[in-house]
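# Report on the structure
Residues per chain are reported as follows:
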Amino acid sequence: MNILMIVSWYTPMGREKLEAGVFHYEQSMDLKAKGCNMAIYYPFDENISEDETCGEEWGLLTYRSHYEQRKVLKNQRQMKKTMARIMKEFKPDMIHAHCGGAAGFYSVPLSKKFGIPMIVTEHSPVELTGVDHFGVSYLFSKIAYKNSVTNVCVSRDSRDKLSAIYPKYPFQVIYNGIILPKYKQTHKYYRQGYINIAIVAILYDLEIKGMQHLIPAMQILKEQGIKVVLHHIGAGEYLEHYQKMAEELGVSDVVEFHGACQRHELYEIVNEMDFCVSASMFECSGVSVQEAMLLGKPVLGTNSGGVDSLVPKEAGHIVQKGSKTALAEGIVYMMEHLQEFDREWIKNYAYDAFEIGNISEKYIRLYKKVCGVTNE
């Protein structure tokens with residue numbers, strides 16, 4: 001089968017390293033290793049001056065189209081032109097679009113014009129897309145979901161919310177695939193004499209990741225004499241904002257900011273932790289939570305949607321989002337119940353639910369069903 005992934009975000013043209021869209025790339029490469037012929041099409045690249053490009057990038061056939069903001073018809077014409085080239089060169093059997101309101105919406109006319117089926121995987125939370133407000137985003141996503149053979153959600157929460165908003169269209173759950181963590185413990189990050197916890201969060205937004213509640217929660221715990229240190233992993237434009245908050249609240253000695261880390265370093269830090277935290281206000285899924293559980297780490301999460309539908313009671317504890325008090329109490333709960341969590345059970349659960357090879361097998365079965373392939 002020839003599967004064309006049309007993605008809503010990806011690393012722009014000209015970058016030496018893969019930065020954005022890592023999930024799309026890793027899933028495509030795993031599917032490729034399992035016998036699917038894969039190509040990625042990124043139609044929203046504002047960095048290329050030509051109308052389109054094509055070539056192998058990081059071992060994967062990649063097409064790109066030039067994109068201009070707010071020029072829907074012009075972009076659609078360019079995409080049809082590029083798609084004609086893709087049909088001639090790659091000959092896709094189906095389109096796998098990622099995110100309904102962007103790649104999914106633009107994939108519909110391509111699917112119809114070239115007569116190939118499409119499916120959509122939705123990664124964006126309802127709270128971010130605004131599809132529950134019945135505006136343009138609602139209409140764009142509706143067009144995608146209506147014309148897709150099926151719509152895949154990356155959490156049960158996302159499926160339930162979208163099924164309520166679009167009751168006429170089919171939704172199912174396939175989690176994001178995660179590569180098994182690989183690392184060598186070359187450095188010690190653990191603060192002796194403390195409970196050590198970690199949050200992995202790129203601070204691209206001031207509110208979404210919940211740091212505005214987690215850092216004050218650390219202040220509550222410090223004032224109560226509870227010895228816990230928080231390790232934050234991730235960069236982002238609001239990193240300095242939260243570093244300053246920690247200083248102002250007098251907790252910079254118990255909140256360590258590690259900044260941007262290579263994946264192996266991230267795993268080294270998380271592997272040393274007693275448990276991990278997700279303080280998000282809303283999430284569609286939660287890759288950092290999945291990675292933590294693959295390392296056997298219990299998780300304290302908020303009822304942000306994606307996270308609480310990923311973490312069973314055997315693997316963690318869920319508290320109210322948007323509350324420093326709830327987070328502080330949740331940290332204390334986790335400290336008091338740490339010995340009750342079976343870390344091997346957590347690893348095994350995460351492997352069965354999230355390991356990228358298992359996820360690829362689910363997609364291959366779906367691809368075969370959509371393409372009418374009956375032979376094994």
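What comes next is a walk through the structure. Small disclaimer: the values here were computed from a predicted structure and weren't measured.

Moving on, we come to the overall build of the protein chain. Check the secondary structure of the protein chain and you find 14 helices and 14 strands. Each principal axis of the C-alpha distribution contributes one length, and for the protein chain these read about 65 × 45 × 45 Å. Residue burial in the protein chain is summarised as follows: out of 376 residues, 54% are buried. Considering only contacts within the protein chain whose residues lie at least 6 apart along the sequence, 70% involve residues at least 24 apart. Summed over its atoms, the accessible surface of the protein chain is roughly 16,700 Å², and 50% of this surface lies on carbon and sulfur atoms. For the protein chain, the centre of its 41 positive side-chain charges and the centre of its 45 negative side-chain charges are spaced 8 Å apart.

Glancing now at the packing of helix α7 (residues 211-223) against helix α8 (residues 239-248). Taken N-terminus to C-terminus, the directions of α7 and α8 make an angle of 25 degrees; their axes are 10 Å apart at the nearest point. Classified by the angle their axes make, α7 and α8 are roughly parallel. The handedness of the crossing between α7 and α8 comes out as right-handed. Residues M211, Q212, I215 and P216 of α7 pack against Y242, M245 and A246 of α8. The class makeup of the residues in the contact of α7 with α8 is six nonpolar, one polar and no charged.

Moving on to the nonpolar core. By size, the foremost hydrophobic cluster in this structure holds 111 residues, and its most contacted members are Y166, L214, F275, M293, I331, F354 and Y367. Beyond its immediate chain neighbours, meaning those up to four positions away, F354 contacts Y175, N176, G177, I178, Q290, M293, L310, Y349 and I359.

Take a positive patch on the surface next. There is a patch of like positive charges on the surface, built from K112, K142, K146 and K168. Examined against the element boundaries, K168 turns out to sit in the loop between α6 (156-165) and β8 (171-173). In this structure K168 comes out as exposed when scored by relative accessible area, which is 75%.

Turning to the packing of aromatic side chains, a few remarks are in order. Throughout the structure, instances matching the rule amount to 15 aromatic pairs. Seen from their ring centres, F44 and Y67 are 5.1 Å apart, and the 85 degrees between their planes marks the pair as edge-to-face. Here the residue F44 occupies a position in strand β2 (residues 37-45), and Y67 occupies one in the loop between β4 (60-66) and α2 (72-89), the gap between them amounting to 23 residues. When the ring centre of F114 is taken as origin, the NZ or CZ atom of K113, which lies over that ring, is 5.8 Å away. The cationic tip of R191 hangs over the ring face of Y194; the distance from NZ or CZ to the ring centre is 5.3 Å.

Attention shifts here to the sheet that holds β4. Across the sheet, eight strands lie side by side as β3-β4-β2-β1-β5-β6-β7-β8; this open sheet has mixed pairing. Every other strand in the sheet has two partners, leaving β3 (52-57) and β8 as the edge strands with one partner each. Strand-to-strand twist in this sheet, taken as the mean axis angle between neighbours without regard to direction, amounts to 25 degrees. Contacts from helix α3 (residues 99-114) reach β1 (2-6), β2, β5 (94-98) and β6 (118-122) within the one sheet, and its direction differs from that of β6 by about 175 degrees. Packing of helix α5 (residues 136-147) onto the sheet brings it into contact with β6, β7 (151-153) and β8, and relative to β6 it is tilted by some 130 degrees.

What counts, and at which threshold
- Residues numbered from 1 in each chain as written.
- Predicted model: local features only at pLDDT ≥ 70, side-chain atom pairs only at ≥ 80, totals over all residues.
- Heavy atoms only, no water.
- Helix = DSSP H or I, 4+ residues; strand = E, 2+ residues; numbered from the N terminus.
- Buried < 20%, exposed > 50% of the residue type's maximum accessible area, 1.4 Å probe, protein only.
- Contact = heavy atoms within 4.5 Å.
- Areas by Shrake-Rupley, 256 points an atom, 1.4 Å probe, with all protein chains shown as cover.
- Lys, Arg positive; Asp, Glu negative; His and termini not counted.
- Charge placed at Lys NZ, Arg CZ, Asp CG, Glu CD.
- Axes fitted to C-alpha atoms, helices over the stretch in contact; angles between N-to-C directions.
- Parallel < 35°, antiparallel > 145°, perpendicular 65-115°, else oblique.
- Left-handed = near helix turned anticlockwise from the far one by under 90°.
- Nonpolar A, V, L, I, M, F, W, Y, C, P; charged D, E, K, R; others polar.
- Core = buried A, V, L, I, M, F, W, Y, C linked by side-chain atoms within 4.5 Å.
- Patch = residues over 30% accessible without salt bridge, like charges linked within 9 Å, V, L, I, M, F, W, Y side chains within 5 Å.
- Salt bridge = Lys/Arg side-chain N within 4 Å of Asp/Glu carboxyl O.
- Phe/Tyr/Trp six-rings, centres within 6.5 Å; stacked < 30°, edge-to-face > 60°.
- Lys NZ or Arg CZ within 6 Å of the ring centre and 35° of its normal.
- Pairing = 2+ DSSP bridges.

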